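# Inside the fold
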Amino acid sequence: MNYYFLPGTGIHGGIKVGFQFAQMLAEHGAPMVVVTPDGRAPHWFDAAVAVISRPAALAAIRPSDVILFSLPHDYAEIRSTGARMIFHCQGTDPLIDPILADRDVALLSCWEQADSYMRERSGRPPIAVGIAISDCFIYDGRPKIADQLAYMPRRGVEIADAARLACPGLRFVAIAGASEVETAAAMQQSAYFLATSVGEWLGLPALEAMAAGCVVVSVPVLGGMEFLRDGETALVVPADRIGGALADLAQPNAASLRSRIRDNAAAITHQYRLNKQFRRLKTLLGDTLGEALSWT
Amino acid sequence: MDLTVVIPSVGLAALLRTCIAHAQSALASVNEMTSAVVVVDNGSDPPYRAAALGSGIALVRFDLPRSFAKACNEAARHRPAARYLFLNNDVLLEPGTLIDMLSLLDNYGPGICGARLVLADDTVQHCGVRFDGGPRGPFHIHHGRPSSIVPRSPVRFQAVTGAAMLIDGAAFDRLGGFDEAYPFGYEDIDLCLRAGQLGMPVLCAQAHDTLHFESTSNRKPNRHAASRRLFFERWQGRFTIDGDTSQ
C-alpha cells in the first residue's frame, strides 16, 4: 500500500499537485490513498482518490508499505514508522537537505530547478516525475476583457498594489479563496496575470495562467524558470520594475509583443497537460518509480 | 475460481425467475468457474418455493424484510466464495458483462467491479458513480443518456452501484461486508469508499449493456432518505470531488 501524506486540504498548489500525482499512480494500478490530518478531502479542485486520516494511516502502516511525502516537517514521524519512503519534492527549502542525505529515501523531482538542487545535495539523480495543470485552465478562445489583470494577493500584495498605482488603465482582479474552476474562469477572462511571489519555489498559478491565455508578468522565481522565459513566454521583471513593465506592455503599440508572448506561453503549457504527465508516469512505472512503490 | 451470485428479492417472483435464468446463462458462458446462485427471500408473502425458482438455487429466507445490506451479508455467509456477484432481481445479466467484470478484476487485482446498466429504452442507468461537492453528493454519471453515445473507456471510479456488483471474497471479508446500518440505499457507495481507503480498485465494466429495470421492488419517492442522511453524516467532506464531466 502507498500512503501520500499531505499537511492539509487548504488552497495551496502543493496540495493539488500531491492529489493529482496520487490519483495518477492509482489510475496506473498502484494501491494508493492520500492521508490528511483529519481524513477530510479538499473540495476546491477535482480529484478521485480515497482519503484517510493521519491517525488511521499511522495505525495501519507496515514496513512493507510506502509513504510518499512532500513536507519536510513530516520526515521524522514518517521515518519512525519503518515504512519505505519517497520524497516528492515540491520546494527546495534547505529543510529538505537531511531528507536528501538519507539514502533510504527515494527522490522525486517536479521541475528542473528542484532536480538540480536534489542532484547537488544528494549526489544521486531524482526521478523526474514532472507536474501538470488541470484541463480546466486550457484556454478555449472565449473573449477576454482586454484591460483585466488577475493576480493572487496571498504573497506580494504590496507589489500588486504598486503596479495598480502605476497602471490606472488596468482593472486588477484578485483571486483569493477560489476553487480551481473559479480560478480558471477568472484567468480565462483576463488578458494579463501578475505573479508577485518573489523567490517562489514553483509558481503553479503562473503556469496555469499561461495555459489560460494570459500574458504573464512575473517577479523572479526559483522554480519554473524553464517555462517562464523572459521576453518569450512571459515578462520576468524585478519587483520594483513591475509597474513600469506592465504599463509598457499594456500600450497599444505592444500588441504584437503581447500576442507573441501569449501564443508562446500557450504552446509551452502543452508540455504540462495531465495526459502528458500520465504517459510519463506510465513509462517511469516500468522502471525506477515502479520499483520504489508498493504493489500489494 | 468459485463465485456466489447473491440475489436479494421480495415478491416479483416472475421477474426473479427471469433474473435467475439470465444469471445462469451468463455463468454458463464462463469457463473454469464453479458457481452457485443464492436467493435471499426478504420477507416475500407468499414465501418463495425453492422448486419454483429452478434447480440448484439456494434459498435463504427472512420472515420479515431486512435491509439490502443484511440480506447480502447473510447470503455471503451462507455460501462463502472467492468472489461474490450481488445482483438486484430486476437486472438481466448479459454474458458479456459478466466476462468483462471477471476480466477486469483479474487484471486490476482484488477489488470491486460494477457494470454498465441500461434502462428499457437503452439509456444509461449506471456506468459509474461520481461525486459532487454540494448537496447532490454521489450520482450516476450519464444517467438517462443513450448508452450508444456514452464513452466506454473509463473503468475506474470511486464507487459503483450494488445493483450488479462483483467483489473479491477476501476483500469483502476484510471490509466486513456491507454496513447493515444503512436501511435502504447508499450501502454500496459506502462499501466502495471504504474499499478505496484500503487501496482496492473500484471498476466498472463498460463493454456491454445489461438491462436494469431499476427500483422495481420499492418505488417510494423517499425510499433512500434515511440511508442518505446516514451516508452524509459519515462521509460529508471525506470523499474527493470528481464532478460531472458529462455536462
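Model, not experiment: these values are computed from the prediction.

Further remarks concern the layout of surface pockets. In this structure, the largest pocket encloses a volume near 1400 Å³. As for the largest pocket, its lining consists of 47 residues, and the residues nearest its centre are A:Gln23, A:Glu27, A:Ala48, B:Arg130 and B:Asp242. If you list the elements that add at least two residues to the lining of the largest pocket, you get α1 (13–27), α7 (180–189) and α11 (274–285) of chain A together with α6 (187–197) and β11 (202–212) of chain B. The greatest single-element share of the lining of the largest pocket, amounting to six residues, is contributed by α1(A). Broken down by class, the residue content of the lining of the largest pocket amounts to 27 nonpolar, eleven polar and nine charged.

Before going further, it helps to spend a moment on the pattern of salt bridges. Pairs can form between side chains of opposite charge whenever their charged atoms are close. All names here are of chain B. Following the criterion strictly, the structure yields 28 salt bridges over all chains and no others. A salt bridge links Arg77 to Glu180; the nearest nitrogen and oxygen atoms lie 3.9 Å apart. Placement of the pair is Arg77 in helix α3 (residues 68–78) and Glu180 in the loop between α5 (169–175) and α6, with a sequence separation of 103 residues. Each of Lys70, Glu74, Arg77 and Glu180 takes part in salt bridges that share partners, so that together they form one network.

Looking now at the interface of chain B and chain A. Contacts between the two partners involve 14 residues from chain B and, on the opposite side, 21 residues from chain A. Roughly 1400 Å² is buried in total at the junction of chain B and chain A, and carbon and sulfur atoms are behind 49% of that figure. Taken together, chain B and chain A are joined by zero salt bridges.

Residues and elements named next belong to chain A. Alternating residues of strand β1 (residues 2–5) divide into Asn2 and Tyr4 and Tyr3 and Phe5, and every residue in both groups is buried. By the bridge criterion, four bridges tie β1 to strand β2 (residues 32–36) in an arrangement that is parallel. If you follow Tyr4 over to β2, its bridge partner there is Val34. With α1 bridging β1 and its parallel neighbour β2, the resulting β-α-β unit is right-handed. Of the strand pairs in this sheet, β1 and strand β4 (residues 66–69) are connected by four bridges, and their pairing is parallel. Bridging across to β4, Phe5 finds its partner in Phe69.

Right, let's talk about the sheet that holds strand β12 (residues 235–236) of chain A for a bit. Residues and elements named next belong to chain A. Across the sheet, five strands lie side by side as β9-β8-β10-β11-β12; this open sheet has parallel pairing. Looking along the sheet, the strands with just one partner apiece sit at the ends: β9 (171–174) and β12. Summarising the sheet, strand β8 (residues 145–151) and strand β10 (residues 190–195) pair through four bridges and their orientation is parallel. The residue bridging Ala150 from the neighbouring strand is Phe193, located in β10. Running at roughly 115° to β10, α7 makes contact with β8 and β10 of the sheet. Helix α8 (residues 204–211) rests against β10 and β11 (215–218) of the sheet, and its axis sits at about 165° to β10.

What follows concerns empty space enclosed by the protein. Inspection of the entire model under this criterion finds one cavity of 30 Å³ or more. Each pocket or cavity is described by its volume, and for the largest cavity that value is around 50 Å³. What lines the largest cavity is simply A:Val49, A:Ala50, A:Val51, B:Gln158, B:Leu193, B:Gln197, B:Trp235, B:Arg238, B:Phe239 and B:Thr240. Broken down by class, the residue content of the lining of the largest cavity amounts to six nonpolar, three polar and one charged.

What follows concerns the environment of B:Asp244. All names here are of chain B. With respect to the element layout, Asp244 can be found in the segment after α7 (225–235). Residues Asp244 and His142, 102 residues apart in the sequence, show an inter-C-alpha distance of 8.8 Å. Sequence-distant contacts of Asp244, defined by excluding residues within four places in its chain, comprise Asp132, Arg136, Phe139 and Ile141.

Before going further, it helps to spend a moment on the sheet that holds β4(A). Residue and element names in this part refer to chain A. Strand order in this open sheet of seven strands is β3-β2-β1-β4-β5-β6-β7, and the pairing throughout is parallel. Sheet topology places β3 (51–53) and β7 (127–128) at the edges, where each strand pairs with a single neighbour. When β4 meets strand β5 (residues 84–88), the two strands line up parallel, connected through four bridges. For Leu68, the partnering residue across the bridge sits in β5 and is Ile86.

To continue, consider the packing of α1(A) against α11(A). All names here are of chain A. Close contact between α1 and α11 brings their axes to 10 Å; oriented N to C, the two are set at 55°. In terms of orientation, α1 and α11 fall into the oblique class. In this structure, α1 crosses over α11, and the sense of that crossing is right-handed. Each of Gln20, Phe21, Met24, Leu25 and Glu27 in α1 lies in contact with α11, whose residues at this interface are Leu274, Gln277, Phe278, Leu281 and Leu285. Looking at the contact of α1 with α11, its residues break down into seven nonpolar, two polar and one charged.

What counts as what
Residues numbered from 1 in each chain as written. Chains lettered and ligands numbered in written order. Predicted model: local features only at pLDDT ≥ 70, side-chain atom pairs only at ≥ 80, totals over all residues. Heavy atoms only, no water. 1 Å grid on protein atoms, 1.4 Å probe; cavity = no way out; pocket = protein on both sides within 12 Å on 5 of 7 lines; lining within 4 Å. Points joined across faces, edges and corners; volume = space filled by probe spheres on them. Helix = DSSP H or I, 4+ residues; strand = E, 2+ residues; numbered from the N terminus. Nonpolar A, V, L, I, M, F, W, Y, C, P; charged D, E, K, R; others polar. Salt bridge = Lys/Arg side-chain N within 4 Å of Asp/Glu carboxyl O. Contact = heavy atoms within 4.5 Å. Buried area = accessible area lost by both parts, 1.4 Å probe. Buried < 20%, exposed > 50% of the residue type's maximum accessible area, 1.4 Å probe, protein only. Pairing = 2+ DSSP bridges. Right-handed = clockwise from strand over helix to strand, strands pointing away. Axes fitted to C-alpha atoms, helices over the stretch in contact; angles between N-to-C directions. Parallel < 35°, antiparallel > 145°, perpendicular 65-115°, else oblique. Left-handed = near helix turned anticlockwise from the far one by under 90°.

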